[in-house]
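Residue-level structure breakdown
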Amino acid sequence: IWTYGDGETDTIYAPDSTAVHKYMQTGIYAVNLHIVDINGCESQYSDTIERNACIVAEYVHSDTVCQNNAISFTDMSYCNQPIERWEWNWDDGSAPDIYDTIQGTIWHTFTQPGTFNVTLTVSTTMALQTVSDAVTYSVTVLPGPLAGFMGGSLCLGLENEFADTTHANGSIELFYSWDFGDTAMAEDTSTLRSPDWLYNSPGIYNPQLVVSNERGCTDTATLQVQVY
(Lines give C-alpha, C1' and ligand atoms only; values in the text may rest on other atoms or scores of the structure.)
Protein backbone atom coordinates (compact mmCIF):
# COMPACT_ATOMS: atom_id res chain seq x y z
CA ILE A 1 0.00 0.00 0.00
CA TRP A 2 1.66 3.20 -1.23
CA THR A 3 0.66 6.53 0.33
CA TYR A 4 2.26 9.30 -1.74
CA GLY A 5 1.76 12.29 0.54
CA ASP A 6 -0.45 14.21 -1.89
CA GLY A 7 -3.74 12.55 -0.99
CA GLU A 8 -3.31 9.69 -3.46
CA THR A 9 -2.76 5.98 -2.62
CA ASP A 10 -2.21 2.74 -4.55
CA THR A 11 -2.70 -0.84 -3.41
CA ILE A 12 -0.64 -3.36 -5.40
CA TYR A 13 -0.85 -7.15 -5.13
CA ALA A 14 1.93 -9.67 -5.65
CA PRO A 15 3.70 -10.47 -7.84
CA ASP A 16 3.75 -6.74 -8.81
CA SER A 17 5.73 -4.59 -6.41
CA THR A 18 6.63 -1.33 -8.18
CA ALA A 19 4.37 1.72 -8.27
CA VAL A 20 4.49 4.70 -10.64
CA HIS A 21 3.05 8.01 -9.50
CA LYS A 22 2.93 11.51 -11.03
CA TYR A 23 2.91 14.56 -8.75
CA MET A 24 0.88 17.43 -10.15
CA GLN A 25 2.53 20.10 -7.97
CA THR A 26 6.09 20.80 -6.89
CA GLY A 27 6.99 20.32 -3.25
CA ILE A 28 8.30 17.87 -0.62
CA TYR A 29 6.11 14.85 0.02
CA ALA A 30 6.14 12.24 2.83
CA VAL A 31 5.82 8.83 1.16
CA ASN A 32 4.83 5.69 3.11
CA LEU A 33 5.11 2.05 2.01
CA HIS A 34 2.97 -0.40 4.03
CA ILE A 35 3.55 -4.11 3.29
CA VAL A 36 1.31 -7.01 4.41
CA ASP A 37 2.28 -10.65 3.71
CA ILE A 38 0.05 -13.68 3.26
CA ASN A 39 0.16 -14.39 6.99
CA GLY A 40 -0.98 -10.87 7.92
CA CYS A 41 2.44 -9.77 9.11
CA GLU A 42 3.06 -6.07 8.43
CA SER A 43 5.90 -3.61 8.06
CA GLN A 44 6.12 0.07 7.11
CA TYR A 45 8.78 2.40 5.81
CA SER A 46 8.56 6.19 5.28
CA ASP A 47 10.73 8.66 3.46
CA THR A 48 10.44 12.05 1.74
CA ILE A 49 10.65 12.93 -1.94
CA GLU A 50 11.17 16.37 -3.45
CA ARG A 51 9.65 17.16 -6.82
CA ASN A 52 11.01 20.18 -8.68
CA ALA A 53 9.44 21.73 -11.71
CA CYS A 54 11.24 20.77 -14.91
CA ILE A 55 10.49 24.21 -16.40
CA VAL A 56 9.65 27.45 -14.60
CA ALA A 57 8.65 30.77 -16.17
CA GLU A 58 9.82 33.88 -14.32
CA TYR A 59 10.65 37.50 -15.11
CA VAL A 60 11.26 40.90 -13.51
CA HIS A 61 10.34 44.30 -14.92
CA SER A 62 11.26 47.94 -14.38
CA ASP A 63 9.99 49.64 -11.24
CA THR A 64 9.13 52.88 -13.04
CA VAL A 65 6.50 52.20 -15.67
CA CYS A 66 5.36 55.19 -17.70
CA GLN A 67 3.13 55.52 -20.71
CA ASN A 68 4.97 55.83 -24.07
CA ASN A 69 8.30 54.87 -22.50
CA ALA A 70 10.11 51.64 -23.31
CA ILE A 71 10.04 49.28 -20.30
CA SER A 72 12.53 46.46 -19.71
CA PHE A 73 11.42 42.89 -18.98
CA THR A 74 14.20 40.51 -17.90
CA ASP A 75 13.64 36.79 -18.41
CA MET A 76 14.54 34.73 -15.32
CA SER A 77 13.04 31.41 -16.48
CA TYR A 78 14.91 28.15 -15.96
CA CYS A 79 14.62 24.52 -17.04
CA ASN A 80 16.40 21.20 -16.72
CA GLN A 81 17.36 21.56 -20.36
CA PRO A 82 17.51 24.46 -22.88
CA ILE A 83 14.25 26.39 -23.32
CA GLU A 84 13.05 26.33 -26.93
CA ARG A 85 10.35 29.00 -27.05
CA TRP A 86 9.42 32.25 -25.30
CA GLU A 87 6.12 34.08 -25.74
CA TRP A 88 5.26 37.44 -24.17
CA ASN A 89 1.63 38.56 -24.11
CA TRP A 90 1.26 42.22 -23.17
CA ASP A 91 -2.52 42.50 -22.57
CA ASP A 92 -2.62 45.87 -24.37
CA GLY A 93 -3.90 44.81 -27.78
CA SER A 94 -0.44 44.58 -29.34
CA ALA A 95 0.93 41.44 -30.97
CA PRO A 96 2.83 39.03 -28.70
CA ASP A 97 6.61 38.80 -28.87
CA ILE A 98 7.68 35.24 -29.73
CA TYR A 99 11.25 33.98 -30.19
CA ASP A 100 13.27 30.75 -29.99
CA THR A 101 16.68 32.11 -28.98
CA ILE A 102 17.24 33.45 -25.50
CA GLN A 103 17.07 37.26 -25.41
CA GLY A 104 17.67 37.99 -21.73
CA THR A 105 16.03 41.42 -21.59
CA ILE A 106 13.41 42.71 -24.01
CA TRP A 107 11.59 46.04 -24.14
CA HIS A 108 7.95 47.00 -24.58
CA THR A 109 6.13 50.32 -24.78
CA PHE A 110 2.59 50.74 -23.44
CA THR A 111 0.84 53.54 -25.31
CA GLN A 112 -2.03 53.78 -22.82
CA PRO A 113 -2.07 54.06 -19.02
CA GLY A 114 -3.72 51.40 -16.87
CA THR A 115 -3.05 47.98 -15.36
CA PHE A 116 -1.96 45.19 -17.71
CA ASN A 117 -1.49 41.48 -16.95
CA VAL A 118 1.76 40.59 -18.72
CA THR A 119 2.23 36.84 -19.27
CA LEU A 120 5.45 35.03 -20.14
CA THR A 121 5.10 31.45 -21.41
CA VAL A 122 8.19 29.29 -21.88
CA SER A 123 8.24 25.81 -23.39
CA THR A 124 10.58 23.04 -24.47
CA THR A 125 10.46 19.40 -25.60
CA MET A 126 10.97 16.55 -23.15
CA ALA A 127 10.49 12.88 -23.98
CA LEU A 128 8.92 13.86 -27.33
CA GLN A 129 6.34 16.02 -25.54
CA THR A 130 6.05 19.78 -25.23
CA VAL A 131 6.15 21.02 -21.64
CA SER A 132 5.53 24.64 -20.71
CA ASP A 133 5.02 27.01 -17.83
CA ALA A 134 3.57 30.52 -17.62
CA VAL A 135 3.78 33.39 -15.17
CA THR A 136 1.64 36.53 -15.05
CA TYR A 137 2.33 39.78 -13.21
CA SER A 138 0.29 42.97 -13.16
CA VAL A 139 2.06 46.01 -14.56
CA THR A 140 0.68 49.45 -13.67
CA VAL A 141 1.40 52.02 -16.36
CA LEU A 142 1.33 55.62 -15.15
CA PRO A 143 -0.13 58.28 -17.45
CA GLY A 144 2.49 60.53 -19.01
CA PRO A 145 2.30 63.82 -20.85
CA LEU A 146 1.64 63.73 -24.59
CA ALA A 147 4.27 66.12 -25.93
CA GLY A 148 3.60 68.39 -28.88
CA PHE A 149 4.43 71.82 -30.24
CA MET A 150 3.99 74.08 -33.25
CA GLY A 151 6.60 76.12 -35.12
CA GLY A 152 6.52 76.83 -38.82
CA SER A 153 9.06 77.52 -41.54
CA LEU A 154 10.15 81.14 -41.92
CA CYS A 155 12.65 83.47 -43.48
CA LEU A 156 16.18 84.06 -42.21
CA GLY A 157 16.34 86.83 -39.64
CA LEU A 158 12.95 86.10 -38.08
CA GLU A 159 12.56 84.38 -34.71
CA ASN A 160 10.71 81.09 -34.72
CA GLU A 161 7.98 81.18 -32.10
CA PHE A 162 7.52 77.65 -30.75
CA ALA A 163 4.10 77.08 -29.17
CA ASP A 164 3.69 74.21 -26.73
CA THR A 165 0.63 72.02 -27.44
CA THR A 166 1.40 69.28 -24.89
CA HIS A 167 -1.58 67.45 -23.40
CA ALA A 168 -1.07 67.05 -19.64
CA ASN A 169 -2.97 63.73 -19.65
CA GLY A 170 -3.57 63.82 -15.90
CA SER A 171 -0.18 65.26 -14.99
CA ILE A 172 -0.14 67.85 -12.20
CA GLU A 173 3.12 69.57 -13.15
CA LEU A 174 5.05 69.65 -16.43
CA PHE A 175 8.73 70.33 -17.10
CA TYR A 176 10.12 71.31 -20.50
CA SER A 177 13.46 70.60 -22.15
CA TRP A 178 14.04 72.04 -25.66
CA ASP A 179 16.80 71.28 -28.15
CA PHE A 180 16.45 73.49 -31.22
CA GLY A 181 18.79 71.41 -33.38
CA ASP A 182 20.98 74.45 -34.15
CA THR A 183 24.45 72.90 -34.32
CA ALA A 184 26.00 76.30 -35.05
CA MET A 185 25.17 77.41 -31.52
CA ALA A 186 26.78 75.99 -28.39
CA GLU A 187 23.68 76.53 -26.25
CA ASP A 188 20.61 75.87 -28.35
CA THR A 189 18.36 74.74 -25.48
CA SER A 190 15.60 76.11 -23.28
CA THR A 191 13.40 75.11 -20.35
CA LEU A 192 10.62 77.58 -21.12
CA ARG A 193 7.18 76.31 -22.07
CA SER A 194 6.94 78.21 -25.38
CA PRO A 195 10.31 79.74 -26.27
CA ASP A 196 11.50 81.72 -29.28
CA TRP A 197 14.62 80.87 -31.26
CA LEU A 198 16.55 82.70 -33.95
CA TYR A 199 18.37 80.51 -36.50
CA ASN A 200 21.37 82.38 -37.96
CA SER A 201 21.72 80.26 -41.09
CA PRO A 202 19.24 79.03 -43.69
CA GLY A 203 18.54 75.32 -43.78
CA ILE A 204 16.37 72.54 -42.38
CA TYR A 205 16.31 72.05 -38.61
CA ASN A 206 14.75 69.39 -36.36
CA PRO A 207 13.87 70.96 -33.00
CA GLN A 208 12.92 68.55 -30.20
CA LEU A 209 10.83 68.95 -27.06
CA VAL A 210 11.02 66.54 -24.11
CA VAL A 211 8.22 66.97 -21.57
CA SER A 212 8.28 65.29 -18.13
CA ASN A 213 5.84 65.31 -15.24
CA GLU A 214 6.03 65.01 -11.46
CA ARG A 215 6.08 61.17 -11.71
CA GLY A 216 9.18 61.21 -13.90
CA CYS A 217 7.24 60.13 -16.98
CA THR A 218 8.45 61.71 -20.23
CA ASP A 219 7.39 62.09 -23.84
CA THR A 220 9.22 63.52 -26.85
CA ALA A 221 8.01 65.52 -29.83
CA THR A 222 10.00 66.61 -32.90
CA LEU A 223 9.23 68.91 -35.81
CA GLN A 224 11.02 69.80 -39.03
CA VAL A 225 11.27 73.53 -39.83
CA GLN A 226 12.95 75.27 -42.71
CA VAL A 227 14.69 78.63 -42.61
CA TYR A 228 14.63 80.22 -46.08
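Residues numbered from 1 in each chain as written. Predicted model: local features only at pLDDT ≥ 70, side-chain atom pairs only at ≥ 80, totals over all residues. Heavy atoms only, no water.

1. What to know about the overall build of the protein
Scanning the protein from N- to C-terminus turns up 0 helices and 23 strands. Its C-alpha radius of gyration of 31 Å places the protein more than 25% over the 17 Å reference for a compact globule of 228 residues. Seen along its three principal axes, the alpha-carbon backbone of the protein occupies a region of about 110 × 35 × 30 Å. For the protein, the proportion of its 228 residues judged to be buried stands at 33%. For the protein, the share of sequence-separated contacts (at least 6 apart) that also reach a separation of at least 24 residues comes to 54%. Accessible area for the protein stands at about 13,900 Å²; split by element, carbon and sulfur atoms hold 50% of it. Here the protein carries 5 positive and 29 negative side-chain charges, and the mean point of each set is 5 Å from the other. (Helix = DSSP H or I, 4+ residues; strand = E, 2+ residues; numbered from the N terminus. Rg over C-alpha atoms; globule rule 2.2 N^0.38 Å. Buried < 20%, exposed > 50% of the residue type's maximum accessible area, 1.4 Å probe, protein only. Contact = heavy atoms within 4.5 Å. Areas by Shrake-Rupley, 256 points an atom, 1.4 Å probe, with all protein chains shown as cover. Lys, Arg positive; Asp, Glu negative; His and termini not counted. Charge placed at Lys NZ, Arg CZ, Asp CG, Glu CD.)

2. Looking at the sheet that holds strand E4 (residues 42–51)
Spatial ordering of the open sheet is given by E2-E1-E3-E4, a layout of 4 strands whose pairing is antiparallel. The open sheet is flanked by strand E2 (9–10) and E4, the only strands paired with a single partner. (Pairing = 2+ DSSP bridges.)

3. Examining the side chain of threonine 119
Checked against the element boundaries, threonine 119 lands in strand E12 (residues 114–126). Engagement of the side chain of threonine 119 in a polar contact is seen with the side chain of threonine 136, the distance being 2.7 Å. Threonine 119 has contacts with Glu87, Trp88, Asn89, Ala134, Val135 and Thr136, leaving out every residue within four places of it along the chain. (Polar contact = N/O pair within 3.5 Å; in protein donor to acceptor, adjacent residues only side chain to side chain.)

4. What to know about the sheet that holds strand E10 (residues 97–99)
Ordered by their spatial adjacency, 4 strands build an open sheet running E10-E9-E12-E13, and the pairing between neighbours is antiparallel. Among the strands making up the open sheet, the edge pair consists of E10 and strand E13 (129–141). Adjacent strand axes in the sheet meet at a mean angle of 10 degrees, parallel and antiparallel pairs treated alike. Pairing of E12 with E13, which is carried by 13 bridges, proceeds in the antiparallel orientation. Bridge pairing links threonine 124 to valine 131 in E13. (Axes fitted to C-alpha atoms, helices over the stretch in contact; angles between N-to-C directions.)

5. Overview of the packing of aromatic side chains
Tallying each qualifying case throughout the model produces 16 aromatic pairs. Aromatic side chains phenylalanine 162 and phenylalanine 180 sit 5.5 Å apart centroid to centroid with 25 degrees between the ring planes, which places their arrangement in the stacked category. Taken together, the positions of phenylalanine 162 in the loop between strand E15 (160–161) and strand E16 (163–164) and phenylalanine 180 in the loop between strand E17 (174–179) and strand E18 (189–190) put the pair 18 residues apart, joining distant regions of the chain. As far as the burial class goes, phenylalanine 162 and phenylalanine 180 line up, both buried. Three or more aromatic residues joined by ring pairs form one cluster here, namely Tyr59, Phe73, Trp88, Trp90 and Tyr137. (Phe/Tyr/Trp six-rings, centres within 6.5 Å; stacked < 30°, edge-to-face > 60°.)

6. Overview of the environment of valine 210
Turning to its location among the elements, valine 210 is positioned in strand E21 (residues 208–213). Counting along the chain gives 18 residues from valine 210 to leucine 192, while the straight-line C-alpha distance between them is 11 Å.

7. Here we look at the state of the cysteines
The full count for this structure, using the stated rule, is 1 disulfide. Note that cysteine 66 is cross-linked by a disulfide to cysteine 217, the S-S spacing being 2.1 Å. Every disulfide takes its handedness from the sign of the S-S torsion; for cysteine 66 and cysteine 217 that torsion is -75 degrees, giving left-handed. Here cysteine 217 lies in the loop between E21 and strand E22 (218–222) and cysteine 66 lies in the loop between strand E6 (59–61) and strand E7 (70–75), a separation of 151 residues in the sequence. Given the relative accessible area of 0%, cysteine 217 is considered buried. With no disulfide of its own, cysteine 54 lies 5.8 Å from the sulfur of cysteine 79, the closest cysteine sulfur. (Disulfide = S-S within 2.5 Å.)

8. As for the nonpolar core
Generally speaking, nonpolar side chains in soluble globular proteins are found buried as a group. Formed by 23 residues in total, the largest nonpolar core has its most connected members in Phe73, Trp88, Phe110 and Val118. Listed by contribution, the elements that provide at least two residues to this core are E7, strand E9 (85–89), E12 and E13. Take this core: its biggest share by element is 5 residues, from E12. Judged by nonpolar contacts, the second largest core, of 15 residues, contains Ala147, Leu154, Tyr176 and Ala221. (Core = buried A, V, L, I, M, F, W, Y, C linked by side-chain atoms within 4.5 Å.)

9. Here's the deal with the pattern of salt bridges
Considering all chains together, one arrives at 3 salt bridges under this definition. Note that aspartate 164 and arginine 193 form a salt bridge whose closest N and O atoms lie 2.9 Å from each other. Of this pair, aspartate 164 sits in strand E16 while arginine 193 sits in the loop between E18 and strand E19 (196–197); the two residues are 29 residues apart in sequence, bridging distant segments of the chain. Residue glutamate 214 pairs with arginine 215 through a salt bridge whose shortest N-O separation is 3.7 Å. (Salt bridge = Lys/Arg side-chain N within 4 Å of Asp/Glu carboxyl O.)

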